[in-house]
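Close look at the chain arrangement
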Amino acid sequence: MLKNMAIHELALLVSFYDVAVDNIESATVDKEFSSMQTLAGPSGKEFTDFDKIKFTIKTKTGKEVSVQADRCGGDTSYGMVSDADGKELFRHSMPD
């Protein structure tokens, strides 16, 4: 899922939030939101992947950013900026 569903979000983290392999202080998964499924493909072979995931990356420079992706969450994508207390400051949405 990360390389398929959240690749654009990861690219934004690199471009705008100072995220780089050598600059990550921590990566924390939200286990309550995240979920994984094992399903059989057309050949009958089973595949295991996330159907939804949320994680937060904190950089060594003190920046903190979260990504939330849900394969079954509908056809609207949005980005939201919030302050340290979680208050929404800005939201932009667009159809998928």
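Now for a look at the structure at hand. Once a new chain begins, its residue numbering starts again from 1 and follows that chain's sequence as written. It should be noted that, the model being predicted, local features are given only for residues of pLDDT at least 70 and side-chain atom pairs only at 80 or more, the latter also being counted only at that level, while totals for whole chains, interfaces and linings use all residues. Hydrogens and waters are ignored; side-chain quantities use all the structure's heavy atoms.

**Here we look at the nonpolar core**
How we decide: For the purposes of this section, nonpolar cores are sets of buried Ala, Val, Leu, Ile, Met, Phe, Trp, Tyr and Cys residues that join through side-chain atoms within 4.5 Å. Relative accessibility thresholds used throughout: buried, under 20% of the residue-type maximum; exposed, over 50%; partly exposed, between the two (1.4 Å probe, protein chains only). In this description a helix means any DSSP run of H or I spanning at least four residues, a strand means any run of E spanning at least two, and both kinds are numbered starting from the N terminus. We call two residues contacting when some pair of their heavy atoms lies within 4.5 Å.
Membership of the largest hydrophobic core is limited to nine residues, which are Ala 6, Leu 13, Val 19, Ile 53, Phe 55, Ile 57, Val 65, Val 67 and Ala 69. Listed by contribution, the elements that provide at least two residues to this core are β3 (46–59) and β4 (64–70). Those residues in contact with Val 19, other than ones at most four positions away along the chain, are Leu 13, Val 14, Ile 24, Ile 57, Thr 59 and Val 65.

**Overview of the pairing of β3**
Rules: A strand pair is defined by DSSP finding two or more bridges across the two strands.
Sheet analysis places strand β1 (residues 24–29) next to β3, joined by five bridges and oriented antiparallel. Looking at β3, one finds that Thr 28 is bridged to Thr 56. Pairing of strand β2 (residues 35–40) with β3, which is carried by six bridges, proceeds in the antiparallel orientation. In the strand pairing of β3, Ala 40 is matched with Glu 46. Joining the antiparallel neighbours β2 and β3 is a turn of five residues, in which Gly 44 adopts a positive phi near 95°. Note: β3 against β4, seven bridges, orientation antiparallel.

**Some thoughts on unusual backbone geometry**
For Asp 18, which is not glycine, the phi dihedral falls at a positive 65°. In this fold, Asp 18 is placed in the loop between α1 (7–16) and β1.

**Section: a nonpolar patch on the surface**
Threshold: Two distance rules govern patches: like charges are joined within 9 Å, and nonpolar side chains (Val, Leu, Ile, Met, Phe, Trp, Tyr) within 5 Å, applied only to residues with over 30% relative accessible area and no salt bridge. Computed with a 1.4 Å probe, the accessible areas rest on the Shrake-Rupley method; for each residue, only the protein chains presented here act as cover. We define a salt bridge as a side-chain nitrogen of Lys or Arg found within 4 Å of a carboxyl oxygen belonging to Asp or Glu.
Where nonpolar side chains cluster on the molecular surface, the patch consists of Leu 12, Phe 16, Tyr 17, Val 81, Leu 89 and Phe 90 and spans about 600 Å² of accessible area. Listed by contribution, the elements that provide at least two residues to the nonpolar patch are α1 and β6 (88–95). With respect to the secondary-structure elements, Val 81 resides in strand β5 (residues 76–82).

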